[in-house]
Amino acid sequence: MAKHEDEWEVFYYHETGRAEYARILFGEAGVSYKESTDVRGKEANHFVAFGGKPSELNFPAFAPPTIRHNKIYIAQTNTIVRYVATKLHLLPSNEIDQFYCDVLMANIQDVNAEMYGKSKATDEERAEWLKTRGANWLKLFNEPLTREKNQEYYFGNKCSCADLIVTVFLQRLDFILGKKYGEFVAKPFPALHQLRERVEKRPNIQKFLEERHKAKRNFVTTQWFN
Ligand SMILES: N[C@@H](CCC(=O)N[C@@H](CS)C(=O)NCC(=O)O)C(=O)O
């Protein structure tokens, strides 16, 4: 169990990227952590990709993000999210729902990788992807939010890591799609967009977003339609 005096550190670039899925969990839980952003410089020894020695790490980490919890270092975004959500009590209570959270995080990584693969595609190819595979992905994120009447969150009608990581995913989509976010996301998938709005209104998430803005921690990826 995480204690109040626990030390947390996030090793990642000064950008949202893959670390943002963990940072939002700290934000919701109101837990402070240190940001270490010189991952290719003075912190490069933490990463085998940047010359770190596997034998000198508590368990080898290839590339950022990594988090430190006291003396434990954990790598790989999906595992980091599972670890932080467990320690900060942001997993749903039902065990199967906890596995579904893992599925959601893996889905997010898959869509992000697919979209990254379209960095050099034309506007037409991107629009076609959004209408076909993109829409299928979004259906998959949207549908579980429409199962119950007055459903507010994915699991147990209580905000969990699932809602938080999907919110970061939607914010990233908003950044990438710009003026087309409404057409491809908010309008066809209202439950999904309303989840994002609900999460963004939570007091600790408002603070988290203000801090992100103040720190100028931005999304750094190709914007499709600008
Ligand atoms: N599967 C890993 C991927 C990690 C990754 O690709 N990190 C990028 C930044 S988002 C990086 O710095 N890569 C450097 C490298 O692979 O040399 C995760 O999800 O954490």
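Residues numbered from 1 in each chain as written. Predicted model: local features only at pLDDT ≥ 70, side-chain atom pairs only at ≥ 80, totals over all residues. Heavy atoms only, no water.

- An unreviewed UniProt entry annotates the chain as Glutathione S-transferase protein of Reticulomyxa filosa.

1. Describing the packing of helix H5 (residues 161-177) against helix H7 (residues 190-200)
- Interhelical geometry of H5 versus H7 gives an angle of 110° and a closest axis separation of 9 Å. Classified by the angle between their axes, H5 and H7 sit roughly perpendicular to one another. Only Leu192, Leu195, Arg196, Val199 and Glu200 of H7 make contact with H5, whose side of the interface consists of Asp163, Leu164, Val166, Thr167, Leu170, Gln171 and Asp174.
- Partitioning the contact of H5 with H7 into residue classes produces six nonpolar, two polar and four charged. (Axes fitted to C-alpha atoms, helices over the stretch in contact; angles between N-to-C directions. Helix = DSSP H or I, 4+ residues; strand = E, 2+ residues; numbered from the N terminus. Parallel < 35°, antiparallel > 145°, perpendicular 65-115°, else oblique. Contact = heavy atoms within 4.5 Å. Nonpolar A, V, L, I, M, F, W, Y, C, P; charged D, E, K, R; others polar.)

2. Some details on the UniProt feature "domain: GST C-terminal" (unreviewed entry) in the chain
- Here, UniProt's "domain: GST C-terminal" (unreviewed entry) annotation points to residues 70-219.
- A distance of 28 Å separates the end C-alpha atoms of residues 70-219, which is 66% helix and 3% strand. (UniProt positions renumbered as here; feature names shortened; annotations may be inferred.)

3. Considering the pattern of salt bridges
- Using the criterion set out here, one finds 15 salt bridges in the structure.
- Arg68 serves as the salt-bridge partner of Glu7, at 2.8 Å between the closest nitrogen and oxygen. Pair noted here: Glu7 is in the segment before strand E1 (8-11) and Arg68 is in strand E3 (residues 66-69), with a separation of 61 residues, a long-range link.
- Through salt bridges with shared partners, a single ionic network connects Glu20, Arg23, Glu35, Arg212 and Arg217. (Salt bridge = Lys/Arg side-chain N within 4 Å of Asp/Glu carboxyl O.)

4. Thoughts on the pairing of E3
- Where burial is concerned, the two faces of E3 agree: the one with Thr66 and Arg68 and the one with Ile67 and His69 are both buried.
- Both E3 and strand E4 (residues 72-75) contribute to a ladder of four bridges, which runs antiparallel. Its bridge partner lying in E4, Arg68 is registered against Tyr73. (Buried < 20%, exposed > 50% of the residue type's maximum accessible area, 1.4 Å probe, protein only. Pairing = 2+ DSSP bridges.)

5. So, the site of the ligand
- Taken together, 13 residues sit near the ligand, with Tyr12, Tyr13, Pro64, Gln76 and Thr77 positioned nearest.
- For the ligand, an oxygen atom lies 3.1 Å from a polar atom in the side chain of Arg18.
- Here a nitrogen atom of the ligand and a backbone polar atom of Pro64 are 2.8 Å apart.
- The protein chains hide 68% of the 500 Å² of surface that the ligand would expose on its own.
- Mapping the ligand onto the cavity grids shows that it belongs to the largest pocket.
- Per-class residue counts for the shell around the ligand are eight nonpolar, three polar and two charged. (Near = heavy atom within 4 Å. Polar contact = N/O pair within 3.5 Å; in protein donor to acceptor, adjacent residues only side chain to side chain. Areas by Shrake-Rupley, 256 points an atom, 1.4 Å probe, with all protein chains shown as cover. 1 Å grid on protein atoms, 1.4 Å probe; cavity = no way out; pocket = protein on both sides within 12 Å on 5 of 7 lines; lining within 4 Å. Sits in = over half its atoms within 2 Å of the grid points.)

6. Side note on empty space enclosed by the protein
- For the structure shown, the criterion picks out three cavities of 30 Å³ or more.
- Empty space within the largest cavity amounts to approximately 40 Å³.
- Lining the largest cavity, in full, are Val10, Arg18, Ala19, Tyr21, Ala22, Pro65, Ile67, Thr77, Ile80 and Val81.
- Mapped by element, the contributors of at least two residues to the lining of the largest cavity are helix H1 (20-29) and helix H2 (77-87).
- Considering every element that reaches the lining of the largest cavity, the biggest residue donor is H2, with three residues. (Points joined across faces, edges and corners; volume = space filled by probe spheres on them.)

7. A look at the nonpolar core
- Judged by nonpolar contacts, the single largest core of 59 residues is most densely connected at Phe141, Tyr154, Val166 and Leu177.
- With eleven residues, the top contributor of residues to this core is H5.
- Judged by nonpolar contacts, the second largest core, of five residues, contains Phe11, Phe47, Ala61 and Ala75. (Core = buried A, V, L, I, M, F, W, Y, C linked by side-chain atoms within 4.5 Å.)

8. Structural notes on the environment of Ser119
- One can find Ser119 in the loop between helix H3 (95-116) and helix H4 (123-142).
- Measuring from C-alpha to C-alpha, the distance between Ser119 and Gln223 comes to 8.5 Å, with 104 residues separating the pair along the chain.
- For Ser119, the contacting residues outside a window of four places in its chain are Arg126 and Thr222.
- A polar side-chain atom of Ser119 sits 2.5 Å from the main-chain carbonyl oxygen of Tyr116.

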